[in-house]
Amino acid sequence: MKTENGTILCNCCKKIVQEKGKVSTIEFLHIEKEWGYFSKKDGEKQEFDICEECYDKWTASFQIPVQKQEMTELV
């Protein structure tokens, strides 16, 4: 969640993941979703940010595990 002053917070735990004007040293996931016609949220756009720790807790609850792939070249 981006605050009025531009700081980004984790929507789950409210931890600061990026302060305005600073390089983030914390990995986080930003998700945007525009809901379509067959959804109960038709015409709605939602977005949120989640820190790595909350992401790990969230994906651990999945019935089908997240697919993982080892990356050999990091940019």
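Quick note: structure is the one above.
Undergrad: Lay out the overall build of the protein in plain terms, naming residues and giving numbers.
TA: Assigned secondary structure in the protein consists of 1 helix and 4 strands. Listed N to C, the secondary structure of the protein is β-β-β-β-α in terms of helices and strands. For a compact globule of 75 residues, the expected C-alpha radius of gyration is about 11 Å, and the protein comes in at 15 Å, more than 25% above that figure. Overall, the protein is about 40 × 35 × 25 Å in size when its C-alpha atoms are taken along their principal axes. A total of 75 residues make up the protein; the buried ones form 15% of that total. When the accessible surface of the protein is totalled, it reaches about 7,000 Å², and 52% of it is carbon and sulfur.

Undergrad: Just give me the short version of the environment of Ile-64, but keep the residues and values in it.
TA: Looking at the secondary structure, you find Ile-64 in the segment after α1 (52-60). Assessed through its relative accessible area of 67%, Ile-64 is described here as exposed. Sequence-wise, Ile-64 and Cys-10 are 54 residues apart; in three dimensions their C-alpha atoms are separated by 24 Å.

Undergrad: For the pattern of salt bridges, give the residues involved together with the corresponding values.
TA: Evaluated as defined, the whole model comprises 3 salt bridges. Residues Lys-22 and Glu-19 are paired through a salt bridge, measuring 3.9 Å at the closest nitrogen-oxygen approach.

Undergrad: Just give me the short version of the nonpolar core, but keep the residues and values in it.
TA: By size, the foremost hydrophobic cluster in this structure holds 6 residues: Ile-8, Cys-10, Val-17, Ile-50, Cys-51 and Cys-54. Excluding residues that lie within four positions of it along the chain, Cys-10 makes contacts with Lys-15, Val-17, Asp-49, Ile-50, Cys-51 and Cys-54.

Undergrad: Provide a residue-level description of the side chain of Thr-59, including the pertinent values.
TA: Following the sequence through the fold, Thr-59 ends up in helix α1. Among the polar contacts listed, one links the side chain of Thr-59 to the backbone oxygen of Asp-56, at a separation of 3.4 Å.

Undergrad: A description of the packing of aromatic side chains should follow, citing residues and the corresponding values.
TA: With the rule as written, the count across this model stands at 3 aromatic pairs. Three or more aromatic residues joined by ring pairs make a cluster, and in this case those are Phe-48, Trp-58 and Phe-62. Sitting over the face of the ring of Trp-35, Lys-33 holds its NZ or CZ atom 5.1 Å from the ring centroid. Above the face of the Trp-35 ring, Lys-41 is positioned so that its terminal group lies 4.8 Å from the ring centre.

Undergrad: Hey, could you go over a nonpolar patch on the surface for me, with residue numbers and the actual values?
TA: A surface patch of nonpolar side chains, amounting to about 240 Å² of accessible area, comprises Trp-58, Phe-62 and Val-66. As for its position among the elements, Trp-58 is in helix α1.

Thresholds, definitions, all that
Residues numbered from 1 in each chain as written. Predicted model: local features only at pLDDT ≥ 70, side-chain atom pairs only at ≥ 80, totals over all residues. Heavy atoms only, no water. Helix = DSSP H or I, 4+ residues; strand = E, 2+ residues; numbered from the N terminus. Rg over C-alpha atoms; globule rule 2.2 N^0.38 Å. Buried < 20%, exposed > 50% of the residue type's maximum accessible area, 1.4 Å probe, protein only. Areas by Shrake-Rupley, 256 points an atom, 1.4 Å probe, with all protein chains shown as cover. Salt bridge = Lys/Arg side-chain N within 4 Å of Asp/Glu carboxyl O. Core = buried A, V, L, I, M, F, W, Y, C linked by side-chain atoms within 4.5 Å. Contact = heavy atoms within 4.5 Å. Polar contact = N/O pair within 3.5 Å; in protein donor to acceptor, adjacent residues only side chain to side chain. Phe/Tyr/Trp six-rings, centres within 6.5 Å; stacked < 30°, edge-to-face > 60°. Lys NZ or Arg CZ within 6 Å of the ring centre and 35° of its normal. Patch = residues over 30% accessible without salt bridge, like charges linked within 9 Å, V, L, I, M, F, W, Y side chains within 5 Å.

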